[in-house]
Amino acid sequence: MDIAAYDPLNETPYQILDAQGKVILDHWEQSLSDSELIEAFKNMLFVRQFDTMAISYQRQGRMYTYPPNLGQEALSVASGSVLQKTDWMVPSVREMGAWYMKGVSLKELFLYYRGHEIAQRFEQANRIMPITVPIASQIPHAAGVGYGIKFHGEKAVVLTFIGDGGTSEGDFHEALNFAAVWKVPLITVIQNNHYAISLPVHKQTASKTLAAKSLSYGMPGIRVDGNDYIAMHEVLSGSIDYARQGNGPVLIEALTYRRGAHTTSDDPKKYRTQEEEQEWEPKDPVNRLRSFLVHKNIWNPDEEAELIEGYRKEIDTQFLEAEQYPPHSLDDVFAYMFSELPPELEAQKQEYQDYLNATAQEPQK
Amino acid sequence: MDKQTILQVYETMLTIRKFEEKALHLFEENKLRGSVHLSIGQEAVAAVVGAYLRDKDYITSTHRGHGHAIAKGARPDKAMAELMGRETGYCGGRGGSMHIADVEKGNLGANAIVGGGIPHANGAALSAQLRGTDQVAVSFFGDGAANEGIFHETLNIASIWKLPVIFICENNQYGMTTAVDSVTSVKDIAVRAAGYDMPGEVVDGNDVFAMEKAVKKAIKRAQDGEGPTLIEAKTYRWKGHWTGDPEVYRTRDEVEEWKTKCPIKRLEKHMQDKKILSLEQIEATHTKIDKLIDEAEEFALSSPDPDPATVLDNVYYEGDK
Ligand SMILES: Cc1ncc(C[n+]2csc(CCOP(=O)(O)OP(=O)(O)O)c2C)c(N)n1
Ligand SMILES: Cc1ncc(C[n+]2csc(CCOP(=O)(O)OP(=O)(O)O)c2C)c(N)n1
Ligand SMILES: [Mg+2]
Ligand SMILES: [Mg+2]
């Protein structure tokens, strides 16, 4: 697909499947094989199980705050699966499927959500950066990685994520400007899930689309239905081809909906209606791809229960392994920012160690 | 533009030009210390905006802000005193060249932080909107500032809230030693307006009539409650970025080429062609402004330095005494 030919101001997203999983384009040829699509569907199912179980673990007090992914699985699984091993990924926070496809293990993720920074080394995965909590700070990093790729004359690309809210940050602007000036092979996927915590996207920007932000940098921008796995895959593939050929960066706005809470500490009822939530139910990405596969007679939904059962076992096994991991030490808190600790942090660490020593000696109440 | 406004814009441009030539001269004589960023060659932008704003309208300005201040009504004598760090200056000599504020005339202040003044204009515009007045706010900034994150954050909010604000990017082709196209992903900064769903217009910033058209339209839009506008005024700074800039990043030819597009000479020719001013009247205007600037110099030179004991005054607000 010719990414540069799309109008970033077009409010109608690029879409292949309707809510019932029927192909809406007249002349469409399936580029992914049936087995690839089945694989993608299974991965989405898997990610959804992970997500549901992660929320349960958190609710059981066995994990810290977690940002639910429910409803956003198509775009994340597609993003992870289009990358080659030598391509880079710079995470945001809500695309667990992409990290998983890049090779991040569940155990590492569970460790991370249990407070172990070391887990973010993502030893099983190739060329992925840590999860980024400060909104939009990943975009300058990703532009820098892209510059590095170009500097070293590699054929790789770098893919990063940002939320609809993140597009209003200055970092987004500075990074995309430089990415475009230097023509770095950067693909930025905006997950427009319609909310930044409680703020709806129509209060986030006056522009008709978020893809329109690409006009400020003279790069291609496209709005795609992010709940349509097939459309998402095509747009990503086209963008990656474009970037890999040295044409420069691309901005993708993937329309989706955060069906769950912002994090496990949020209650969406406070800022959105149930009617709205129900409106998005039929557009769910998992159901949509399932319907497509069922129409094609290549998927039997009766097999899902058993599949899910197996997934849940696997996920639970990895979670239990993470739970067995020794508690993190004070060293862990200071270990990953500086190769040599600056004196003021050294002093803070000592102070805290002294505090821990002192409280350890107090008699238990 | 009516005749009276043409004459006003002309005198403003001439005042800015001669004020800055004087500042440079004083600097070279070591009578004015610190640094001065001259807007010579860019005077039309400030002068036209100043002519169409009222005292109650706001501006925020930059390190290259003498012209903005003068166009918004600053007196050359108090401005020169400020540049020289004298007690009689607009900020009691504490601000210097890069920090002239003149709140009575709606100049909320120049700002040495690139892009630093842009969000302040949003704040002023928000205040006008909340108070229900017809005031508008204008922010001047450079091409370099348009690549700062704060530009993006400010324009985004301005458009969502439909603030009565006008963003004027003076694209003088360089941010210090850096050519605009080597750090800016688009040829025209005005296209960035599209990302915020606001109008963006490229204007010949050395043409007072082109500026007039764009500025009037933007003011009307702001006052009609339709929100902000981004105007990119293409212009050129004739002098170095700072006094003492060796200017190794551009050619003499380029500078000379732009000098032929001098906004003041262009208006002088127009006025003569249209019989608005004769050559004699133009010469008389020069003499008049020369005198004004000489007086400003004298005023500044004869003004006292601030009392060192007051150095900490006006840093923190300590409540109404
Ligand atoms: C710089 C910064 N500001 C504020 C926050 C707090 N915060 C965390 S998530 C969030 C909203 C992000 O919204 P969006 O970019 O749409 O991503 P989403 O959560 O919808 O995936 C905010 C404000 C933060 N993490 N970093
Ligand atoms: C935030 C910040 N970064 C860097 C500087 C140093 N600096 C002073 S002026 C300038 C260039 C500004 O270029 P532009 O915005 O085009 O304005 P011009 O000087 O051309 O009027 C720079 C980088 C600064 N003052 N503030
Ligand atoms: Mg969001
Ligand atoms: Mg400049």
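Residues numbered from 1 in each chain as written. Chains lettered and ligands numbered in written order. Predicted model: local features only at pLDDT ≥ 70, side-chain atom pairs only at ≥ 80, totals over all residues. Heavy atoms only, no water.

Attention shifts here to the packing of helix α2 (residues 43–52) of chain B against helix α8 (residues 208–223) of chain B. All names here are of chain B. At a closest axis distance of 9 Å, the pairing of α2 and α8 adopts a crossing angle of 45°. By the angle between their axes, α2 is oblique relative to α8. The two elements α2 and α8 cross, and the hand of that crossing is right-handed. On α8, the residues that touch Ala-44, Val-45, Val-48, Val-49 and Tyr-52 of α2 are Val-208, Met-211, Glu-212, Val-215, Lys-216 and Ile-219. (Axes fitted to C-alpha atoms, helices over the stretch in contact; angles between N-to-C directions. Helix = DSSP H or I, 4+ residues; strand = E, 2+ residues; numbered from the N terminus. Parallel < 35°, antiparallel > 145°, perpendicular 65-115°, else oblique. Left-handed = near helix turned anticlockwise from the far one by under 90°. Contact = heavy atoms within 4.5 Å.)

Those donors, A:Asp164 (OD), A:Asn193 (OD1) and A:Tyr195 (O), are the protein atoms that reach the magnesium ion (ligand 3), and they lie 2.0 to 2.1 Å from it. Mapped onto the sequence, the residues coordinating the magnesium ion (ligand 3) show the spacing D-x28-N-x1-Y. (Donors = N, O, S within 2.8 Å, 3.2 Å for Na, K, Ca; no water.)

All right, on to the confidence of the model for chain B then. Model confidence for chain B is summarised by a mean pLDDT of 97, while 100% of its residues fall at 70 or above. Of the two predicted TM-score estimates for the complex, the pTM is 0.96 and the ipTM is 0.95. (pLDDT = per-residue confidence, 0-100.)

A contiguous patch of negative charge on the surface is contributed by A:Asp302, A:Glu303, A:Glu306 and A:Glu309. Mapped onto the elements, A:Glu303 comes out in the loop between α9 (285–295) and α10 (304–324). (Patch = residues over 30% accessible without salt bridge, like charges linked within 9 Å, V, L, I, M, F, W, Y side chains within 5 Å. Areas by Shrake-Rupley, 256 points an atom, 1.4 Å probe, with all protein chains shown as cover. Salt bridge = Lys/Arg side-chain N within 4 Å of Asp/Glu carboxyl O. Lys, Arg positive; Asp, Glu negative; His and termini not counted. Charge placed at Lys NZ, Arg CZ, Asp CG, Glu CD.)

Below, the discussion takes up the packing of aromatic side chains. This model, assessed by the stated rule, comprises 24 aromatic pairs over all chains. When the ring of B:Phe151 is compared with that of B:Tyr196, the centres are 6.4 Å apart and the planes differ by 80°; the resulting orientation is edge-to-face. Of this pair, B:Phe151 sits in helix α6 (residues 149–160) while B:Tyr196 sits in the loop between α7 (180–183) and β6 (200–204); the two residues are 45 residues apart in sequence, bridging distant segments of the chain. Taking relative accessible area as the criterion, B:Phe151 reaches 0% and is therefore assigned buried. We classify B:Tyr196 as buried; its relative accessible area is 1%. Considering the side-chain rings of B:Tyr174 and B:Tyr249, the 5.2 Å spacing of their centres and the 55° angle between planes classify their relative orientation as tilted. Taken as a pair, B:Tyr174 in strand β4 (residues 174–175) and B:Tyr249 in the loop between β7 (229–234) and α9 (252–259) lie far apart in primary sequence, 75 residues in all. Owing to a relative accessible area of 18%, B:Tyr249 belongs among the buried residues under this scheme. One aromatic cluster is present, built from ring pairs that chain together A:Phe50, A:Tyr57, A:Tyr66, A:Phe110, A:Tyr112, A:Tyr113 and A:Phe319. Over the ring of B:Trp238 we find B:Arg17, and its NZ or CZ is 4.5 Å from the ring centre. (Phe/Tyr/Trp six-rings, centres within 6.5 Å; stacked < 30°, edge-to-face > 60°. Buried < 20%, exposed > 50% of the residue type's maximum accessible area, 1.4 Å probe, protein only. Lys NZ or Arg CZ within 6 Å of the ring centre and 35° of its normal.)

What follows concerns the side chain of B:His241. Residues and elements named next belong to chain B. Note that His-241 resides in the loop between β7 and α9. Classification of His-241 by relative accessible area gives buried; the value is 8%. A polar atom in the side chain of His-241 sits 3.0 Å from the side chain of Arg-64. Discounting residues that sit within four places of it in the chain, His-241 has contacts with Val-36, His-37, His-63, Arg-64, Met-176 and Tyr-249. (Polar contact = N/O pair within 3.5 Å; in protein donor to acceptor, adjacent residues only side chain to side chain.)

Another point: the sheet that holds β6(B). Residues and elements named next belong to chain B. In space, the five strands of this open sheet follow the order β1-β2-β3-β7-β6, with parallel pairing throughout. Lying at the two open borders of the sheet, with one neighbouring strand each, are β1 (58–60) and β6. The average angle at which neighbouring strand axes cross in this sheet is 20°, direction not considered. Where strand β3 (residues 165–171) and β7 come together, six bridges link them in parallel fashion. Its bridge partner being in β7, Cys-169 is matched across the sheet by Glu-232. On top of the sheet, α6 reaches β2 (137–142), β3 and β7; it is set at about 150° to β3, its chief contact. Where α8 meets the sheet, its contacts fall on β3, β6 and β7, and the angle it forms with β6 comes to roughly 155°. (Pairing = 2+ DSSP bridges.)

Residue and element names in this part refer to chain B. Distances from the magnesium ion (ligand 4) to its protein donors, namely Asp-143 (OD), Asn-172 (OD1) and Tyr-174 (O), fall within the range 2.0 to 2.1 Å. The sequence pattern describing where the donors of the magnesium ion (ligand 4) fall on their chain is D-x28-N-x1-Y. Note that Asp-143 is positioned in the loop between β2 and α6 and Asn-172 in the loop between β3 and β4, a separation of 29 residues in sequence. For the residue pair Asp-143 and Asn-172, the accessibility class agrees, reading buried in each case.

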